[in-house]
Amino acid sequence: MLFQVIVSGFVIGCVYGLIALGYSLIYKASGLMNFAQGDVLTLGCFLGYTFYTLLGLPYWLSLIITAAIAFFFGMGEERFIIRKLQNKNVLTVYVVLATISIQYILQNSIQAIWGPNMLSYPRVFPWNNVTIFGVNIQTESVFCIIMSFILMMLLQVFMNHTKFGTAMRASALDAKAAKACGINPSFATGVTWGIAAALAATAGILLGPIYGVFIMLGQTIGRKGFAAAIMGGYGNVIGAIVGGVLLGLIETMSAAYWSSTYKDMIAYGLLLIFLYVKPTGIFNEKALNR
Amino acid sequence: MKRKMLLVSLAILLIASVSLFANGSSESSDTYVIGVPQPLTGTNAQPGACALNAVKVAAKQFNDAGGILGKTVEIISYDDQGSPEESVRVAQRLVSDGVDAIIGSCISSAVLSAGQIYENNQIPTFGTGTSPTWMAQGWEYLFRACQNNDFALPLVVDKLTELGVERVAIFAGQDDAAVAGVNTFTELANQAGITVTTTEYYVEGNTDFSGQVARIINSNAQVVFISTFGPTQPLIARQLRQFGFNGLCFTKDIYQVDALQVAGAASNGIAFAYPYLTYASIDDCKDPFIKQFLEAYYEMFGELPVSDCAYRAYDSMLVLKAAVEAAGTTEKTAVAEAVNTLSGVQTLAGMQDFTYGDREGLHSFNIFVIDNEQYITFDEWVGSPLYNEIVSQY
Amino acid sequence: MLLEIKNLCLSFGGLKATNDVSIAMEEGKVYALIGPNGAGKTTFFNLISGVYKPDSGTITFDGQRLDGKRPYQVNEAGIARTYQVINLFKKMTVLDNVKVGMHTKLKSGFIQSMFHTKSQQAEEAAIIDKAMDLLAFVGLKNHMNDLAGDLSYGQQRLLEIVRAMASEPKLILLDEPAAGMNSTEKVELNVLIRKILARGITVLLVEHDMKLVMNIADHIFVLNHGQKLAEGSPLEIQNNPKVIEAYLGGGAKK
Amino acid sequence: MKSLAKKQNNKLITSIAVAAILLLLPIILSVTGNSYSILVLGFIIIYIIAVSGLDVNFGYCGQISMGHAAYYCIGAYGSVMLHHYFGIPVIITMILASILAAVLGAIVAFPASKLVFHFLSLSTIAFAEIVYTLVLNSPGKITGNAVGMFTDPINIFGYTLRSNTAFYYFGLVVCAVFLLVKWFLVKSKIGRAWIAIRENEDAAEGMGVNVVKYKVMAFAFSAFYTGFAGAMYAHLVNYIGPDTFTMKQSVMFITMMLFGGTGSILGPIIGSMFILLMTESLRVLEQYQMLVFGVILLAVVLAFPGGILGVVKDVIKKIKLKKGGVKNVVRN
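Residues numbered from 1 in each chain as written. Chains lettered and ligands numbered in written order. Predicted model: local features only at pLDDT ≥ 70, side-chain atom pairs only at ≥ 80, totals over all residues. Heavy atoms only, no water.

## Concerning the overall build of chain C
Argument step 1. Regarding its fold elements, chain C presents 10 helices and 10 strands.
Argument step 2. In terms of C-alpha radius of gyration, chain C reaches 19 Å, essentially the compact-globule figure of 18 Å for 254 residues.
Argument step 3. Going through the 254 residues of chain C one by one, you find that 52% of them count as buried.
Argument step 4. When the accessible surface of chain C is totalled, it reaches about 11,300 Å², and 51% of it is carbon and sulfur. (Helix = DSSP H or I, 4+ residues; strand = E, 2+ residues; numbered from the N terminus. Rg over C-alpha atoms; globule rule 2.2 N^0.38 Å. Buried < 20%, exposed > 50% of the residue type's maximum accessible area, 1.4 Å probe, protein only. Areas by Shrake-Rupley, 256 points an atom, 1.4 Å probe, with all protein chains shown as cover.)

Listed below in structure tokens is the structure:
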């Protein structure tokens, strides 16, 4: 039983982690918090459903197309809304307000397009369960965990060991200096937003077969993902996944061995204590004024 | 330039809203206006939208047949978002719009917060939720033409006693209807000598219940009573089966056909007491009266109602029409009084009878169960391989 | 003694930013703190004004222990400061900047302010006169309703000084007041510091401009590598071989 | 001097006119038999108070809060419960509950005073979630849990505010008092300290402002306002349930504040009015209401970053410039 609870904690934790990665990337690139992240997950889930179930494309192709669409959505969001506002030098919180309105739009247009019904996602793999250490685990759950870790690794390699990744980090640190080195900082920022959206959408398409497809899927996950990002150390790639998995485990474990009624309260309570005691996150990132 | 245009359009919008303010009640003698406050966006958009559609189906049928007492039926609907705060403003607005009757909402906290307003303005109202709480407030103008969970749960507990079940675990949401279901069920189970081993709650919006499921299974329960609504049903069904729980499950009200599709084989062995079922295709439906409704619904919207809230709202419309015709007038107080005299009204849920004096139309229900991913009645199920497998445990 | 600092130490990690520094200052004089880049001058300032807590040592001001106190408590005790990088409240008016400087001198509390009592009104009216007087002192009176962020660089420096003076301190710490000023402005600054002194305020300044320092200071402290290298009158310092060596760089001897 | 007197005269006339309109509004509306609009006016007043409070915290002191629904909740439930269990008259319970909200606000603000933007916002979200969970699962079901609680109308010395019109007049007076107090405060030493903290925390501390104390003060003050608004809401409607006090509500407060413009008296008034009237007039769109709301919101943010108040100020400036009545040329 314990092992199964841990696996479930890992699954939901990895999803939090993927969302948290998006938050972290955006924070690094633009110093912002994007409210719409959770709804991009929902969008990804619905898009994946459309390609896989309605159009009958193979799962891997649906995944790639969905991620690509989300990528361009993220880039567009940055290019036409976020950067426009930042160029006007407005208070950060107004940019956050813009993401709030994007959230309203996304959530309601998903409903307008796909309708309010819950949709079912057919199984992706021919076999239902995988047995590990004598415990049955849904194949898609295992796939979700593996994919999250692969994505995290890829991102880590991409950010630290490729020219473009270096460019992205450089432009986040100092746009002027990056420009002087021949890097187009606004393009790099756009790509960061694109990657963040693609990650969220991928999380959505991974979740579809496990949880089904419905409009509010991304709401709570989005908020928890934000919490995970901060727990891990806001702006830190590995920290985001670690924070996500930790939050997922705390949640499932406290529900299983403490109280399911107060599960969220326990998770948020720990988060508060964590913030007050160690505001720099697990992987130190600057959070205090001094 | 763009800014100016936007400013102008904002100003126009404001003026439009001011003009809305000026519009008073538009009472006219040749229409019968029905207000439909339902959650049309957010978590409960599906039941709300289905209910609204069903009201439209009924209204069309009535109007095609000459209206109610010769008056054309007109519908005004607003999105109450299932929120107690929004629903107060929606209710007051419907009152100002001069509606003759209300069908909604299917969210009980919305009914609880709006009920007093309808009561004060003496508008006959049909709630479309299944929670017992709002009927307990004693509002004279509030009726129900669908299931009251408190009436159906004794059937469930009787069935459990009959099967010899001794230990039941409860999994529940934290909305009003779900909690009310838990309370009633616990009380009935205690009376019947059935032990409730554990009661596990989840928070709205969560999708992972492995912790709760682990506790339920560790509590060594034979049956799980699931008190939830909407997209959570298939999730909990799947996670229970995933963790190796193979016993019988009872849901507090219907386990909808979309849940059945999402959860697939995990749905087998889930039972519930309810007046009717939802269908994935018209052909699955054997009841001629429901079939007729489904065909009309399909014709108007190109899809079948996934949520049974459509049935609830449609039945409410049928009862409302019967009441107006019995009263012989559309005058609100007379209509409300007439509802209490109705009996033998043919609806999707069978015959409705309001003469019990509790303002409720339904008092008898069937127990359905899912086997082979199909709905069958419990009586039909007895003796099947899955029945024997599950019941032999008890 | 107005300010007496004994054996002050502070280290960051392994680095000793301030190492066993002791100084003493009398009332009514202009003191200067000099030293090569990275000598720990600003750290020393931050120690006095409470931004950093010393590891050991004491700071006694006017008979009161200040070590370990928070910056606002240091300000309440009568030490005001300016900053190396301009730290004005940019979206407040010039007048309001000065009024914030008077914060500790205002007696009305939350309740009086909330209900706009007679005494609070009177107090507010009184500080406007005082603030105008101070602004006139540096010639910013005409700009009192402008936003602080809209002033020119030199004017912003002056406003910083006035804002610090508004709390009626006994000691004012000026962190590189002449940075970025042209020679005319520097002459004006020289006059201004004299005027501050004339108001009975003791001055301690950190400054790179040696001409200005030698001209204005009565007494000079020299810091190097977090330690006090020397102190004395401008003449003594100018002729101190250790100071000359420190400024020419330690490498010269080897 | 003469023009100054004239100016003051104009101001006086304007304020009398505004007051007269506000007082007569319900009468005009009730002639058309529209109790709905009076209810909406009541809600506008509630939101103005709540958002004004939030604005003190963010607009003046620079502390973001994404969990103000928590204080709204504490105000509402606190007042209803004190009345329900101890029989204390409603108007007193409203004040007591708001004080409770302020105290809890201070308790949250104290450790949070060192956190910056994102971290602060997360800690406020976390607190709001905890409050929500507690109200939903109170020990002994003292909050009625998911079923919620029924409430009594406001009673002032034996006079019960049963109608929405009566509530409107009561709200108008309360709102005026709250706005006046906010005005006095932000123009005082306290308000200057708050703005100084917002502008430059280090410099503020260097000028003798006890930053932690003033931050906590701003948070508590803001929680008091929002708490009182919550209590007003609870007694305007006759039922409260936990679903009102979710993240959605906090986001609505922030949206209203930013839409209007921060750090001012007028901003929250404009914001609350605009947003509420907008959502109410979009109601006819049924399920597309929130979609269109989102689009309009985004368009406004893009066109007027800084809120509607900024635009209004610009327009006024322009008119003044055209008239040539302004002596100082405005800096670009």
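There is more to say after this.
## Side note on the sheet that holds strand β4 (residues 56-61) of chain C
All names here are of chain C.
Argument step 1. Strands sit in the order β2-β1-β4-β5 across an open sheet of 4 strands; the sheet is antiparallel. Bordering the open sheet on either side are β2 (15-25) and β5 (64-65), each of which pairs with just one other strand.
Argument step 2. Sheet topology note: the β4/β5 ladder contains 2 bridges and is antiparallel. Looking across to β5, one finds that Thr-60 is bridged to Arg-65.
Argument step 3. Against the sheet, helix α1 (residues 41-48) engages β1 (3-12), β2 and β4, with an angle of about 115° to β1. (Pairing = 2+ DSSP bridges. Contact = heavy atoms within 4.5 Å. Axes fitted to C-alpha atoms, helices over the stretch in contact; angles between N-to-C directions.)

## Some words on the packing of aromatic side chains
In this description, a pair of aromatic rings is defined by centroid distance and the angle of the planes.
Argument step 1. Under the defined criterion, the tally for this structure stands at 47 aromatic pairs over all chains.
Argument step 2. When the ring of Phe-125 of chain A is compared with that of Phe-143 of chain A, the centres are 5.2 Å apart and the planes differ by 70°; the resulting orientation is edge-to-face. Pair noted here: Phe-125 of chain A is in the loop between α4 (92-114) and β1 (129-132) and Phe-143 of chain A is in helix α5 (residues 139-161), with a separation of 18 residues, a long-range link.
Argument step 3. Under the relative-accessibility criterion, Phe-143 of chain A is labelled partly exposed at 22%.
Argument step 4. Taken together, the aromatic side chains of Tyr-274, Tyr-276, Phe-293, Tyr-297, Phe-301, Tyr-311 and Tyr-314 of chain B make up a single cluster linked through ring pairs. (Phe/Tyr/Trp six-rings, centres within 6.5 Å; stacked < 30°, edge-to-face > 60°.)

## Details of the pattern of salt bridges
Argument step 1. Tallied over the full model, the rule gives 33 salt bridges over all chains.
Argument step 2. Between Glu-201 of chain D and Lys-215 of chain D there is a salt bridge, with the nearest N and O atoms lying 3.2 Å from each other. Separated by 14 residues along the polypeptide, Glu-201 of chain D in helix α8 (residues 201-206) and Lys-215 of chain D in helix α9 (residues 211-236) bring together distant segments of the chain.
Argument step 3. The network of salt bridges with common partners includes Glu-85, Glu-86 and Arg-89 of chain B together with Glu-280 and Arg-283 of chain D. (Salt bridge = Lys/Arg side-chain N within 4 Å of Asp/Glu carboxyl O.)

## Some details on the interface of chain D and chain A
Argument step 1. In this complex, chain D contributes 51 residues to the contact, which on the side of chain A involves 46 residues.
Argument step 2. Carbon and sulfur atoms make up 76% of the area that chain D and chain A hide from each other, which totals about 4,300 Å².
Argument step 3. Three residues, His-118, Phe-119 and Leu-122 of chain D, lead the burial of chain D against chain A; their summed loss comes to 16% of the area buried on that side.
Argument step 4. In this structure, the connection of chain D to chain A is made through 1 salt bridge.
Argument step 5. Where chain D meets chain A, there are 5 residue pairs in polar contact (both at pLDDT 80 or more). (Buried area = accessible area lost by both parts, 1.4 Å probe. Polar contact = N/O pair within 3.5 Å; in protein donor to acceptor, adjacent residues only side chain to side chain.)

## Observations regarding the pairing of strand β6 (residues 167-172) of chain B
All names here are of chain B.
Argument step 1. Of all 6 residues in β6, 5 are buried; the element is thus mostly enclosed.
Argument step 2. For β6 and strand β7 (residues 195-201), the ladder comprises 6 bridges, and the chain directions are parallel. What sits directly across from Ala-169, in β7, is Thr-198.
Argument step 3. Crossover β6 to β7 through helix α6 (residues 176-191) is right-handed.
Argument step 4. Relative to strand β8 (residues 223-227), β6 runs parallel, the two being bridged by 5 bridges. Across the sheet, Ala-169 pairs through a bridge with Val-224, a residue of β8. (Right-handed = clockwise from strand over helix to strand, strands pointing away.)

## Observations regarding the nonpolar core
One recurring pattern in soluble globular proteins: nonpolar side chains tend to sit buried together.
Argument step 1. Grouped together as the largest cluster of nonpolar side chains are 370 residues, with contacts concentrated most on Phe-185 and Phe-293 of chain B together with Trp-194 and Met-232 of chain D.
Argument step 2. By residue number, the principal contributor to this core is helix α2 (residues 35-60) of chain D, which donates 18 residues.
Argument step 3. Residues lining this core come from more than one domain, with at least three contributed by each of domain 1 (10-147 + 286-363) and domain 2 (151-274 + 367-391) of chain B.
Argument step 4. Contact partners of Trp-194 of chain D, with chain neighbours within four places excluded, come to Val-56, Tyr-60, Cys-61, Leu-185, Tyr-214, Met-217, Ala-218 and Phe-221 of chain D.
Argument step 5. In terms of nonpolar packing, the next biggest core, distinct from the first, is built from 50 residues, Leu-106, Leu-135, Ala-178 and Ile-201 of chain C among them. (Core = buried A, V, L, I, M, F, W, Y, C linked by side-chain atoms within 4.5 Å. Domains from an automatic or database assignment.)

## Remarks on the environment of Leu-386 of chain B
Residue and element names in this part refer to chain B.
Argument step 1. Inspection of the secondary structure assignment puts Leu-386 in helix α14 (residues 385-391).
Argument step 2. Placed 224 residues apart in sequence, Leu-386 and Glu-162 show a C-alpha to C-alpha distance of 17 Å.
Argument step 3. When sequence neighbours within four positions are dropped, the list of residues in contact with Leu-386 reads Asn-268, Gly-269, Ile-370, Asp-371 and Trp-381.

## With respect to the interface of chain D and chain C
Argument step 1. Counting residues at the interface gives 27 residues for chain D and 34 residues for chain C.
Argument step 2. Carbon and sulfur atoms supply 62% of the area that chain D and chain C bury against each other, a total of about 2,600 Å² over both sides.
Argument step 3. Contact with chain C buries area across many residues of chain D, yet Lys-189, Arg-192 and Met-207 of chain D alone supply 29% of it, more than any other trio.
Argument step 4. Taken together, the links from chain D to chain C amount to 2 salt bridges.
Argument step 5. Among the salt bridges present, the one from Glu-205 of chain D reaches Arg-70 of chain C, with a minimum N-O distance of 3.3 Å.
Argument step 6. Scanning the region where chain D abuts chain C turns up 12 residue pairs in polar contact (both at pLDDT 80 or more).
Argument step 7. Ranked by the residues each element gives to the side of chain D that touches chain C, the list is headed by helix α7 (residues 189-199) of chain D, at 8 residues.

## Some points on unusual backbone geometry
Argument step 1. Residue Ser-105 of chain B is reached from Gly-104 of chain B by a cis peptide bond, and omega for that bond is 0°.
Argument step 2. Mapped onto the elements of the fold, Ser-105 of chain B is located in the loop between β3 (101-103) and α4 (108-120).
Argument step 3. The phi dihedral of Gln-122 of chain B is positive, around 50°, even though this residue is not glycine.
Argument step 4. Here Gln-122 of chain B lies in the loop between α4 and β4 (125-127).
Argument step 5. A relative accessible area of 39% places Gln-122 of chain B in the partly exposed class.
Argument step 6. Backbone geometry places Asn-145 of chain D, a non-glycine residue, at a positive phi of 45°.

Note that every value here comes from positions in space, so none of it alone points to a role or purpose.
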